[in-house]
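# Coordinate analysis (summary)
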Amino acid sequence: MPFFRPSIFRTECEQCDRQFPVNTGGVCDQCKRILCSEHLHGSITRRIAIALGAPMRCVKCRAGQPVDVVKAGR
Ligand SMILES: [Zn+2]
Ligand SMILES: [Zn+2]
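My aim in this report is to walk through the structure given alongside it, one point at a time. Quick caveat, the model's predicted, so the values are computed rather than measured. (Residues numbered from 1 in each chain as written. Chains lettered and ligands numbered in written order. Predicted model: local features only at pLDDT ≥ 70, side-chain atom pairs only at ≥ 80, totals over all residues.)

## Remarks on the nonpolar core
- Counting residues in each nonpolar core, the largest one holds 5 residues, listed as Cys28, Leu35, Cys36, Leu40 and Cys58.
- Discounting residues that sit within four places of it in the chain, Leu40 has contacts with Gly25, Gly26, Cys28, Leu35 and Cys58. (Core = buried A, V, L, I, M, F, W, Y, C linked by C-beta atoms within 7 Å. Buried ≥ 20, exposed ≤ 12 C-beta atoms within 10 Å, placed from the backbone. Contact = placed C-beta atoms within 7 Å.)

Here it is in structure tokens:
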């Protein structure tokens, strides 16, 4: 069954609603949102920092923006 992919290996980013393989993104430590690599890490250097032990915080949390404000689009 080469085309079968269990849904547990793919999930949706809560910010952009795109599906992504879970191993490329993750859950933010601070806001607990499930995010794709683009919205969780933002850059490849950040991904490397997390791999080296930095806290897994999303782009918005690191920018100091409250998530409620972000979701309201203001
Ligand atoms: Zn995203
Ligand atoms: Zn966050």
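## Concerning helix 2 (residues 44-51)
- Burial of helix 2 is sparse: only 0 of the 8 residues sit out of reach of the surface.
- Positive backbone phi, approximately 115°, marks Gly53, located one or two places after helix 2. (Helix = DSSP H or I, 4+ residues; strand = E, 2+ residues; numbered from the N terminus.)

## Looking at the environment of Lys32
- The residue Lys32 is located in the loop between strand 3 (26-27) and strand 4 (34-35) in this model.
- Sequence-wise, Lys32 and Arg57 are 25 residues apart; in three dimensions their C-alpha atoms are separated by 9.0 Å.

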